[in-house]
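Here is what each chain is made of, one letter per residue.
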Amino acid sequence: HQWIARDGQQWTTERLAEMEAGASVGEEASCGGTHRLYSLARAVKRYLDDTETPRDKLTGGWKKANDVVQDSIKKVQAYQQPNGYFSTHFCSRPGSSPDIDATLHSTGHTLEWLVIALEDNQFQEPWVTAAVVRLVELLEDNQDRELDCGALYHAARGLILYRNRRFGERTITADASAKTLSTETTSP
């Protein structure tokens, strides 16, 4: 896509992707750069799908964006904790925290963009499944605790994206909705 800005400059999606790829990811970026990585991964995927360009044939801003995403995937995997959680320092270095919200924040945010960024073969790898299992366990173990709403949102969204990609989108029939509604209104 391309357009002319008010100042007369020509802009393209590729130009924006290249600019974003030049910005920082890791601890120095908000949320470890995960929002940027999510956007870059989605933009590259959309470009690859729309143009049918093989990933290894990317050039210019698209190559730069893809390189940042792929490099970040490698770092996330390398810095993943032995217990399955992702580093609380995101793509910068290994790290863990006894703070549940910090762990939820980093693992949820990271999973969310990884689900979009990973190739099918990467998505099925045990290190990804380990992060999902640990994230679900963390939520189950803390279901009676008030969790940071931002971290909770990104963790829940990451898990929904994972479920939809791995098992297909969940469908709820009218009968199932009625049963759920009936149960909710008759419960004490």
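Everything quoted here is computed from the prediction, not taken from an experiment.

(A) View of the overall build of the chain. Helix and strand counts for the chain come out as eight helices and two strands. Along the chain direction, N to C, the helices and strands of the chain fall in the order β-β-α-α-α-α-α-α-α-α. Each of the three principal axes of the chain carries a C-alpha extent, and together these read 65 × 40 × 35 Å. The buried share of the chain, reckoned over its 188 residues, is 38%. Of the roughly 11200 Å² that the chain leaves accessible, carbon and sulfur atoms contribute 50%. Taken together, the 21 basic and 27 acidic charged side chains of the chain have centroids lying 4 Å from each other.

(B) Unusual backbone geometry, seen in detail. One non-glycine residue, Glu52, lies in positive phi territory at about 60°. Here Glu52 lies in the loop between helix H2 (34-51) and helix H3 (60-79). Positive phi is not limited to glycine here, since Phe90 has a value of about 55°. Tracing the backbone through its elements, the reader meets Phe90 in the loop between H3 and helix H4 (100-117). Under the relative-accessibility criterion, Phe90 is labelled buried at 8%.

Rules and cut-offs
- Residues numbered from 1 in each chain as written.
- Predicted model: local features only at pLDDT ≥ 70, side-chain atom pairs only at ≥ 80, totals over all residues.
- Heavy atoms only, no water.
- Helix = DSSP H or I, 4+ residues; strand = E, 2+ residues; numbered from the N terminus.
- Buried < 20%, exposed > 50% of the residue type's maximum accessible area, 1.4 Å probe, protein only.
- Areas by Shrake-Rupley, 256 points an atom, 1.4 Å probe, with all protein chains shown as cover.
- Lys, Arg positive; Asp, Glu negative; His and termini not counted.
- Charge placed at Lys NZ, Arg CZ, Asp CG, Glu CD.

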